[in-house]
Amino acid sequence: MGSRSVRFALALAMVAGSVSGARADAIDRRIDALMRRMTLDEKIGQVTLASIAEVFDYDKVASGAYGNVMNFGTAKEFAKVLAAWRKSRLKIPLLHGTDIIYGNRTLFVPPIGQASSFDLGLNRAAAEQAALESVAAGTNWTYAPMVDLNRDPRWGRVVEGAGEDVQLAACMAGARVAGFRAGGLVVSAKHFVAYGFGEGGRDYDAVEMGEPFLRDRVLPPFRAAIAAGAESVMSSFNAFNGVPATANPHLLKDILRRDMRFRGIVTSDWGAIDQLKNHGLSPDPLDLTVATFNAGVDLDMASDFFRKYLPIALAQGRVSKARLDEAVRRVLRVKFETDLGKRMRVDVEEAKATQATLDPRGRAIAIEMGRRTTLLLHDPKERLPLADVSRIAVVGGLADSPRDHMGPHPALSQMGDIVTLRAAITERAAKAGARVDYLEACGACRFPTDTDETVIAEAAKAAAAADVIVAVVGETYEESGEAAARADLALSAPQVKLVEALAATGRPVVVVLTGGRPMLVENILDKVDAIAMVWFPGTYGAIGAAEVLFGDVSPSARLPLTWPRSTGQLPLSYDRLPTGRPASADDKWTNKYIDVAWTPRFPFGYGLSYGRTTLAAPRLDKAKAKPGDTVTVSVAVTNSGTRAVRETVQVYVHDVIASRSRPSRELKGFAQVDLAPGETRDVAVPIRVATLGFHVEDGSYVVEPGMFRIFVGKDATTETAVELEVTGGSRVAPWDAPIPCVDPKTTKSAKRR
Ligand code: BGC
């Protein structure tokens, strides 16, 4: 069997590793037998996760003191770990984790961009490819997907998530977990919990949140990830309602274990146990170890506290032997269920050969991802697609900066492989017989410099010779991701100056935005012809983006988060609760600002295409339904334009009268349809009535009888609606609450165990 088929076989073994019946019993017996042979140090090794370091003590792998490792990203590095591991007495397979977030050798557009495709199959395929490339290099566990919901793009980590909406985030979580697992990785959903709601959009900040909100919005993507097979969950850095999540028994035991029925591993985040001293929990590492371990963290990532202090805690009776055994069993169960033992080998030469070339399958997925995530935000004069042009000026250093195309998590991708926007546009233009002049102007144009004025003026002068100008501006890779919170989402002053100078030439200007979050476009909107967001294009995404710009493919991406007009509007999401004084232009005493409109610049679900789709009046297959029913919303979609398009039909629901205030809109389903010019197709979106409910203070989930408005449209502002009457209510325990986007039939066995 070649290396590729071996990898596929392993991947299949993992998926086939459904843990039921005889296999589960055999694993339990294997664990029992092993536990009887393990020393205390070996047991503690299993709850220890040691990171690569300049001075890494390989002997601790050999002695079993380090039972899991992380960040030995290349096969060569991991081979050293394996050499030590082969000397270990019990040869218990190691979990080897790495942040495989949106690709490894082949980089895709990051998760926030992937979510904008609304294409679950494509997300799954990208995750699977990322996994295959990582397994080849020796990683067997990914710290992804990040399933944190958020509605504040000041937070840099929006780039790693699926945006603000619970339905979309749950769908993406399931798709990405399934893809990673199919490619052979153990999966860790993160960060538990509410990490995306830190005050002020600052990373690591505290969160205060009511539990019904937590259960309605924040938990479902984790539940979807677990239903799809995520074997581990990472606790978050933030304090939650006054208690750090890493030492929060209510979160980890009552909610994650009891209410969400999670039976895998809880790992801490990087150094989080040590950092609890900064939360003021205790200055004493022993206390922090006891608090965390007893709260329900099973695995210590990179604090090395469990290894050092659990023996003392056990001797003092502050941690029970039963608790240690429980955590060790969880770790062992994941290792055996996923057949990790079969992967305790790596062929450095073979991996080198595999890494030397990019996989054609990955390339195809990455290009398709580029097509499906190029989000057309603004094109009032229909200047796009580019046609009948013979000279194009591509302006701005971000157009030709491979490192910035990679975004914040480059993994093992290589700069030399990146097809930049400049290269992709040049190549596509050549096919159309057009020539591209590239003008770097002020480079990334981030921080004002003395030379800006001159270089901008020169670039504008040169660009004026073109038929159309493509200006590439936005974020650099360092301005997005962890620890990259922004207090202002405006484009930088030099970037605005550059765009203004280009617009002043009188030539049509198409702005291509790169980055990991929405940026304010207020001061350029009326000056330019079009604006398209391409996120961080990764290795080949620019090829797909160029195809969209030239009209080979009509843009189909839709916003997975609300795009603000002003940073001061944040946090902002479409699914807010109504107020007693709804915003009104004619009435000062209403829910709005005095200095900026209350509406976003672009709403959730929004995105333009080159076609003209219209939705006919929606139909419901029944006007009355019970909580156990599924209703089907159908709508005829017509493409009256001249180009093939993909439309995303979005179904939002509002519970008109309820015992709690309910969001004015909540996405409950969506479906994509491809339409040839002139074509009409009926699109059906099934909605489980059980998903129309909400959680109440005691954690239970209720569906209340009454009228619901079912909105159907192309973004969250749609006013087209039909009415559904729900007859008879229901109230279920938290673990029986429906999971958005997850077929209840597929979760039954998980719940039983
Ligand atoms: C991040 C995690 C990540 C970990 C390991 C932490 O700082 O919060 O998301 O998995 O580092 O790299």
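**Observations concerning the site of the ligand**
In the vicinity of the ligand, the residues found are Met70, Asp99, Tyr143, Arg157, Lys190, His191, Met234, Phe237, Asp269, Trp270 and Glu482. A distance of 2.7 Å is found between an oxygen atom of the ligand and a side-chain nitrogen or oxygen belonging to Arg157. One of the side-chain N or O atoms of Asp269 is found 2.6 Å from an oxygen atom in the ligand. In isolation the ligand has 310 Å² of accessible area, and contact with the protein removes 91% of it. Here the shell around the ligand is composed, by residue class, of 5 nonpolar, 1 polar and 5 charged.

**As for the sheet that holds strand β22 (residues 666–675)**
Reading across from one edge, β19-β27-β26-β21-β22 is the order of the 5 strands in this open sheet, with mixed pairing throughout. Lying at the two open borders of the sheet, with one neighbouring strand each, are β19 (624–625) and β22. Bridge count for strand β21 (residues 645–655) against β22 is 9 bridges, and the pairing is antiparallel. Across the sheet, residue Val651 finds its bridge partner in β22, namely Gly669.

**Quick notes on the environment of Val553**
For Val553, the location among the structural elements is in the loop between α22 (541–549) and β17 (613–615). Overall, Val553 belongs to the buried group, its relative accessible area being 15%. For the pair Val553 and Tyr610, spaced 57 residues apart in sequence, the C-alpha to C-alpha distance is 8.7 Å. Beyond its immediate chain neighbours, meaning those up to four positions away, Val553 contacts Arg371, Arg372, Glu547, Val548 and Tyr610.

**A word on the pattern of salt bridges**
In total, this model carries 61 salt bridges according to the counting rule given. Asp57 is the salt-bridge partner of Lys60, the closest N and O atoms lying 2.8 Å from each other. The salt bridge partner of Asp152 is Arg154, with a shortest N-O separation of 2.7 Å. According to the relative accessible area criterion, Asp152 is buried, its value standing at 5%. Each of Asp99, Arg157, Glu160, Lys190 and Glu482 takes part in salt bridges that share partners, so that together they form one network.

**Let's talk about the pairing of strand β14 (residues 468–474)**
The buried count for β14 comes to 7 of 7 residues, which makes it a mostly enclosed element. Neither face of β14 is open: one carries Val468, Val470, Val472 and Gly474, the other Ile469, Ala471 and Val473, and all of them are buried. Two elements, strand β12 (residues 391–395) and β14, share 4 bridges in a ladder whose sense is parallel. When the bridges of β14 are listed, Ala393 appears paired with Ile469. Pairing of β14 with strand β15 (residues 509–514) involves 6 bridges; the strand directions are parallel.

**Overview of the nonpolar core**
Formed by 89 residues in total, the largest nonpolar core has its most connected members in Phe180, Phe192, Val193, Leu256 and Leu332. Among the elements that make up this core, the one with the highest residue count is helix α8 (residues 166–182) (9 residues). Aside from chain neighbours lying at most four places away, what touches Leu332 is Ile31, Leu34, Met35, Met38, Gln46 and Ile92. Ranked by size, the runner-up nonpolar core spans 84 residues in total, among them Phe108, Ile469, Val512 and Val534.

**Overview of the sheet that holds strand β28 (residues 730–732)**
Taking strand neighbours across the sheet as the criterion, the 3 strands line up as β24-β25-β28 in an open arrangement whose pairing is antiparallel. Each end of this open sheet is capped by a strand with a single partner; those strands are β24 (694–695) and β28.

**Digging into the packing of helix α9 (residues 211–227) against helix α10 (residues 249–259)**
One way to put it is that α9 packs onto α10 with a least axis distance of 12 Å and a crossing angle of 60 degrees. Judged on the interaxial angle alone, α10 and α9 are oblique. At the point where α9 passes α10, the crossing takes the right-handed sense. In this structure, α9 contributes Glu211, Leu214, Arg215, Leu219 and Ile226 to the contact, and α10 contributes His250, Ile255, Leu256 and Asp259. When its residues are assigned to classes, the contact of α9 with α10 shows 5 nonpolar, 1 polar and 3 charged.

**Considering the state of the cysteines**
All chains considered together, the criterion is met by 2 disulfides. Here Cys171 pairs with Cys741 through a disulfide, and the sulfurs are 2.0 Å apart. For the disulfide bridge between Cys171 and Cys741, the dihedral angle about the S-S bond is near 105 degrees, and by the sign convention the bridge is right-handed. In this pair, Cys171 sits in helix α8 while Cys741 sits in the loop between β28 and α23 (748–752), placing the two residues 570 residues apart along the sequence. Of the residues examined, Cys171 reaches a relative accessible area of 5% and is grouped as buried.

**Things to note about the packing of helix α7 (residues 120–136) against α8**
Running from amino to carboxyl end, α7 crosses α8 at an angle of 35 degrees, the nearest separation of the two axes being 7 Å. Pair α7 / α8 crosses with right-handed handedness. Contact residues: Leu120, Asn123, Arg124, Ala127, Glu128, Ala130 and Ala131 in α7; Cys171, Met172, Ala175, Arg176, Ala178, Gly179, Phe180 and Ala182 in α8. By residue class, the composition of the contact of α7 with α8 is 10 nonpolar, 2 polar and 3 charged.

**Let's talk about the confidence of the model for the chain**
Per-residue pLDDT for the chain has a mean of 95; in total, 97% of the residues score no lower than 70. Residue range residues 1–17 is modelled with pLDDT below 50. Its contacts to residues more than four positions away, or to other chains, number 31 contacts. Low pLDDT (under 50) marks residues 749–753, which in the prediction has 6 contacts with non-local residues, meaning those over four places away or in another chain.

**Remarks on the packing of aromatic side chains**
Per the counting criterion, the structure on display carries 19 aromatic pairs. An angle of 85 degrees between the planes, with centres 5.7 Å apart, marks the rings of Phe197 and Phe213 as edge-to-face. With a gap of 16 residues between them, Phe197 in the loop between β5 (186–192) and α9 and Phe213 in helix α9 connect regions that are remote in the sequence. For Phe197, a relative accessible area of 18% puts it in the buried group. Each residue in the set Phe118, Tyr574, Phe604, Tyr652 and Phe670 is aromatic and connected to the rest through ring pairs, giving one cluster. Positioned over the ring face of Tyr477 is Arg403, at 3.5 Å from the centre of the ring.

**Overview of helix α5 (residues 75–85)**
Looking only at α5, the buried set comprises Ala75, Phe78, Val81, Leu82, Ala84 and Trp85. Looking at the buried side of α5, the elements it contacts are α4 (58–63), β2 (68–70), β3 (95–98) and α15 (348–356).

**A short note on the side chain of Ser554**
In this fold, Ser554 is placed in the loop between α22 and β17. If near-sequence neighbours (up to four positions away) are discounted, Ser554 is found in contact with Arg372, Ser609, Tyr610, Gly611, Ala644 and Val645.

**A word on the environment of His409**
Structurally, the position occupied by His409 is in the loop between α17 (402–406) and α18 (421–431). For His409, a relative accessible area of 18% corresponds to the buried category. Those residues within four positions of His409 in sequence are excluded, and the remaining contacts are Asp99, Ile101, Tyr102, Leu107 and Glu160.

**Observations regarding α22**
Taking burial as the measure, the 9 residues of α22 include 9 buried ones, the bulk of the element. What α22 keeps buried is the set Gly541, Ala542, Ile543, Gly544, Ala545, Ala546, Glu547, Val548 and Leu549. On the buried face of α22, the contacting elements are α16 (360–373), α18 and β15. A positive phi of about 85 degrees marks Gly551, the residue just after α22.

**Observations concerning unusual backbone geometry**
Between Ala144 and the following residue, Pro145, the backbone shows a cis peptide bond with an omega angle of 0 degrees. With respect to the secondary-structure elements, Pro145 resides in the loop between β4 (141–142) and α8. Cis peptide bonds are those with omega within 30 degrees of zero, and the linkage from Leu384 to Pro385 qualifies with -5 degrees. Residue placement: Pro385 occurs in the loop between β11 (375–378) and β12. Of note, the phi angle at Asp304 is positive, near 60 degrees, even though the residue is not glycine. Position of Asp304 among the secondary structure elements: in the loop between β10 (300–301) and α13 (305–315).

Definitions and cut-offs
- Residues numbered from 1 in each chain as written.
- Predicted model: local features only at pLDDT ≥ 70, side-chain atom pairs only at ≥ 80, totals over all residues.
- Heavy atoms only, no water.
- Near = heavy atom within 4 Å.
- Polar contact = N/O pair within 3.5 Å; in protein donor to acceptor, adjacent residues only side chain to side chain.
- Areas by Shrake-Rupley, 256 points an atom, 1.4 Å probe, with all protein chains shown as cover.
- Nonpolar A, V, L, I, M, F, W, Y, C, P; charged D, E, K, R; others polar.
- Pairing = 2+ DSSP bridges.
- Helix = DSSP H or I, 4+ residues; strand = E, 2+ residues; numbered from the N terminus.
- Buried < 20%, exposed > 50% of the residue type's maximum accessible area, 1.4 Å probe, protein only.
- Contact = heavy atoms within 4.5 Å.
- Salt bridge = Lys/Arg side-chain N within 4 Å of Asp/Glu carboxyl O.
- Core = buried A, V, L, I, M, F, W, Y, C linked by side-chain atoms within 4.5 Å.
- Axes fitted to C-alpha atoms, helices over the stretch in contact; angles between N-to-C directions.
- Parallel < 35°, antiparallel > 145°, perpendicular 65-115°, else oblique.
- Left-handed = near helix turned anticlockwise from the far one by under 90°.
- Disulfide = S-S within 2.5 Å.
- pLDDT = per-residue confidence, 0-100.
- Phe/Tyr/Trp six-rings, centres within 6.5 Å; stacked < 30°, edge-to-face > 60°.
- Lys NZ or Arg CZ within 6 Å of the ring centre and 35° of its normal.

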